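# Overview (structure and organization)
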Amino acid sequence: MKFLLMCYFSEDLWGKIPETQRNDIMQQYGALLKETVKSGHLLDGAMLARSHMATTVRRQAGKPVITDGPFAETKEQLGGYHLMECKDMEEAISIALRIPTLPFGGTIEIRAVELSEV
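Report on the accompanying structure. (Residues numbered from 1 in each chain as written. Predicted model: local features only at pLDDT ≥ 70, side-chain atom pairs only at ≥ 80, totals over all residues. Heavy atoms only, no water.)

## Focus on unusual backbone geometry
One non-glycine residue, Ala 61, lies in positive phi territory at about 55 degrees. You can see Ala 61 is positioned in the loop between strand E3 (55–60) and strand E4 (63–68). (Helix = DSSP H or I, 4+ residues; strand = E, 2+ residues; numbered from the N terminus.)

Okay, here's the thing in structure tokens:
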């Protein structure tokens with residue numbers, strides 16, 4: 001089964017963490033990603049640009065509305081994702097619990113990927 005682990009973190013809080021500690025977190029991330037590649041769990045993933053760089057596309061009254069910035073103001077922003085191959089949700093949770101931003105206030109949302117035939 002495929003699971004998407006979406007990593008949320010406050011961009012403001014991230015900026016307040018000392019640079020040496022942020023570097024350590026990112027080194028831990030790198031080690032975790034290498035391990036999950038080696039084990040065959042990691043299929044894809046990426047760090048996203050900061051939310052103020054986003055563009056949001058909507059339709060209102062049948063017309064496109066394109067705005068700069070994220071869809072909604074939130075305490076946490078989606079900072080990246082990891083697409084994992086896991087035997088079940090419990091295995092996906094066990095990987096998510098090792099993501100190094102959790103002890104600093106990060107949140108990991110896990111969703112099973114439902115593939116549809118196109």
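Having seen the structure, we can now continue with the description.
## Some points on the packing of aromatic side chains
What characterises a pair of aromatic rings is the spacing of the ring centres plus the angle enclosed by the ring planes. If you walk through the whole model with that rule in mind, you get one aromatic pair. Between Phe 9 and Trp 14, the aromatic rings sit 5.7 Å apart at their centres with planes inclined by 90 degrees, giving edge-to-face as the arrangement. On the accessibility criterion, Phe 9 (10% relative accessible area) is buried. (Phe/Tyr/Trp six-rings, centres within 6.5 Å; stacked < 30°, edge-to-face > 60°. Buried < 20%, exposed > 50% of the residue type's maximum accessible area, 1.4 Å probe, protein only.)

## Regarding a nonpolar patch on the surface
Where nonpolar side chains cluster on the molecular surface, the patch consists of Met 89, Ile 93 and Leu 97 and spans about 270 Å² of accessible area. Accessibility expressed as a relative area gives 35% for Met 89, which makes it partly exposed. (Patch = residues over 30% accessible without salt bridge, like charges linked within 9 Å, V, L, I, M, F, W, Y side chains within 5 Å. Areas by Shrake-Rupley, 256 points an atom, 1.4 Å probe, with all protein chains shown as cover. Salt bridge = Lys/Arg side-chain N within 4 Å of Asp/Glu carboxyl O.)

## Examining helix H2 (residues 19–38)
Taking 1.5 Å per residue as the helical rise, H2 with its 20 residues ought to reach 28 Å, and the 29 Å between its terminal C-alpha atoms agrees with that figure. Turning to H2, its buried residues number three or more, namely Arg 22, Ile 25, Tyr 29, Leu 32 and Thr 36. The buried residues of H2 occupy one face: seen down the axis, they fall within an arc of 80 degrees. Along H2, the residues that are exposed and aim more than 90 degrees away from the buried face are Glu 19, Thr 20, Gln 27, Lys 34, Val 37 and Lys 38. At its buried positions, H2 is contacted by strand E1 (2–9), helix H1 (11–16), strand E2 (42–47), strand E5 (77–85) and helix H3 (89–96). Looking one or two places after H2, you find Gly 40, whose phi comes out positive at around 90 degrees. (Expected span 1.5 Å × (residues − 1). Arc of directions from axis to C-beta. Contact = heavy atoms within 4.5 Å.)

On their own, these measurements won't tell you what the molecule is for.
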